[in-house]
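# Architecture and fold: a report
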Amino acid sequence: MTDTKIVKLYNVMDAQEKRGLQIWLENRNLWSQKKGNHDDLLRLHNCIIKYAKRPRKLSEQIENLNKINQLRHQLFNIAENFLLVNWLTKKTHKSNNFDLQKKLLMVAYYQAKELPENSISIIDLSKLIEFKLNDIGNHLEKTNANNIDEYYQIHKFYHHLYYNLNTHIWQKGSEYLKKLLQHLNTFLGLTKMRYYTEALYRKKIRGEQFNLPDIESTQLEMVSLNENLIEQNANNTLFELYLLCFELSIKESKVHLKLLTDKIIEKAPFLNEKELGTILTFAINYASFITRKNHIDLTATHFNLHKLGLERSVFLTNGLLQPQILINYAYICCEEQKPNEIDSAWKKYQFRIEDDYKEPTLNLCLAYKLFAQNKFKESLEYLSKYSKRKIRFYLRRKVLQIKCLYEIRDYSKFEEERVNLVKYLNNNKDEFNDDYLYESLYNFTQIVRDLSNPDQSKEKLLLMLKKNTVERAWLSKKINNTT
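These lines cover the structure that appears in this document, whether it is placed above or below. For clarity, every value in this text was computed on a predicted model and none was experimentally measured. (Residues numbered from 1 in each chain as written. Predicted model: local features only at pLDDT ≥ 70, side-chain atom pairs only at ≥ 80, totals over all residues. Heavy atoms only, no water.)

### Quick word on the packing of aromatic side chains
For clarity, the cut-off: Only Phe, Tyr and Trp rings take part, Trp by its six-membered ring, and two of them pair if their centres are within 6.5 Å. Stacked means planes under 30 degrees apart, edge-to-face means over 60, and tilted covers everything else. Here's how the labels work: a residue is buried when its accessible area is under 20% of the maximum for its type, exposed when over 50%, partly exposed in between, all with a 1.4 Å probe on protein chains only. A run of H or I in DSSP counts as a helix once it spans at least four residues, and a run of E counts as a strand once it spans at least two, with each numbered from the N terminus.
Summed over all chains, the structure comprises 20 aromatic pairs. Ring geometry for Tyr109 against Tyr110: centres 5.8 Å apart, planes inclined by 55°, an arrangement best described as tilted. Tyr109 gets classed as partly exposed once you look at its relative accessible area, which sits at 43%. The class for Tyr110 is buried, based on a relative accessible area of 16%. Ring geometry for Tyr411 against Phe414: centres 6.3 Å apart, planes inclined by 90°, an arrangement best described as edge-to-face. One end of the pair, Tyr411, and the other, Phe414, are both in helix H20 (residues 411–427), 3 residues apart, so they sit about a helical turn from each other. Residue Phe414 is classed as buried on the basis of its relative accessible area, which comes to 0%. Taken together through their ring pairs, the aromatic side chains of Tyr201, Phe282, Tyr286 and Phe289 make up a single cluster.

### With respect to the environment of Ile129
The condition is simple: Contacts: residue pairs with any heavy atoms within 4.5 Å of one another.
Secondary-structure assignment places Ile129 in helix H7 (residues 122–142). Taking the relative accessible area as the measure of exposure, Ile129 reaches 11% and is therefore buried. Along the backbone, Ile129 and His160 are 31 residues apart, and their C-alpha atoms lie at a distance of 9.4 Å. With sequence-adjacent residues up to four places away left out, Ile129 is seen in contact with Tyr110 and Gln111.

### Here's the deal with the packing of helix H15 (residues 323–335) against helix H17 (residues 355–372)
Counted only if it meets this: Orientation is described by lines fitted to C-alpha atoms, with helices fitted over the stretch in contact, and by angles between N-to-C directions that extend from 0 to 180 degrees. Each angle gets one of four labels, with under 35 degrees taken as roughly parallel, over 145 as roughly antiparallel, 65 to 115 as roughly perpendicular, and the rest as oblique. Under the convention adopted here, Pro, Cys and the residues Ala, Val, Leu, Ile, Met, Phe, Trp and Tyr are nonpolar, Asp, Glu, Lys and Arg are charged, and Gly plus all remaining residues are polar.
Two elements in contact, H15 and H17, have axes whose closest approach is 8 Å; the angle formed by their N-to-C orientations is 5°. Looking at the two axes, H15 sits roughly parallel to H17. Contacts between H15 and H17 pair Pro323, Leu326, Ile327, Ala330, Tyr331 and Cys334 from the former with Tyr357, Thr361, Leu364, Cys365, Tyr368, Phe371 and Ala372 from the latter. Across the contact of H15 with H17, the residue classes break down as 12 nonpolar, 1 polar and no charged.

Interpretation note: all reported values are geometric properties and have no functional meaning in isolation.
Dropping the structure here:
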């Protein structure tokens, strides 16, 4: 029963929503004119309220209910309808975009409203549409668009204004039409750049093929559109950022990446979480790509981007944080010698990690923290605790284990774990979607092998370091410390 949709829905409702649903269910006229067992629905509702977290007790309490599957389905639909109505009637605090959506939905309702041809209220309906459009106009004057979809909604607003003009203000049509086209062009331009950058990245990283129109002419078109927006004194924060994304995807370089990351940090307060998350993820992916391609250390850039994203909670997917994001951040904090940042991130996101992954994620994060504090034996203790056998967990854990063993000069155990990693790489080569990752890990095993050999020359080790490899900064430091 706990795996059913209705129980999961009740578990995410807050106390106020549950009280409202109780009132909604008790007054049957609010939600249904159909026949059915109202008492059984209320009983199911009350049982779930009390025992949603106690599956055995819940099953006992509802075992005598007839047609339980039908009741669950009916209650789920009633609850969803209530939550939607409740959301529509509440003032939106978090997002101006949602508030604008609500108002445009109301315009759509008024325009779809059918009255008899001889109704004396037809003029009232016309006035209501005008009032609502004025309300939306006042709303837009106080806010600036901070996500792509909002530009399309503003276009729809001016579309309504233009096609609902009264004859006595026909001269306003030119102004409305210009703004309608401006926001439509902005929406189309932003959308085109967003998807072009995704396609170009996948083409470079994964070798996938996309039939894209001429890139250079599209870029010139976007530059021209941006200049037009600036001339019109239109808010163009998003356009400026996506144009920098587009330029970086065409010609990836450290210079273009810095232009984008600096602009992201500058404009982040003006973006909503959805757009900031999209742009941050794009910048992080390209920072990794440039690091691989040019062997450039961009750890500080990664730290700033990840820290901003975690502070603004932009990496969540359906309310959850992928463990790999937190592990990657712990690794970056370790590299930047900022172990306390790991604690802060875990404190904020520990309840956003799926229960099955919580313990192994914490163990690995704490191992990185201890390594940054030069507590290598303590780090090894956490690495020996419960971990997932998933490939990314295993590889992170094994590489850090090898580094710890090298630091404490336990060369016998070090060689054993190094060989284990080599065997794993060779036995699981087909599982690697990324040839670079396999090659970099394999080269790491070869370099640390020679690094532990006191007779190996520094020159040869530095020459080996020119190959693709993970842990380049740590290896370089250890090589340079050799006599």
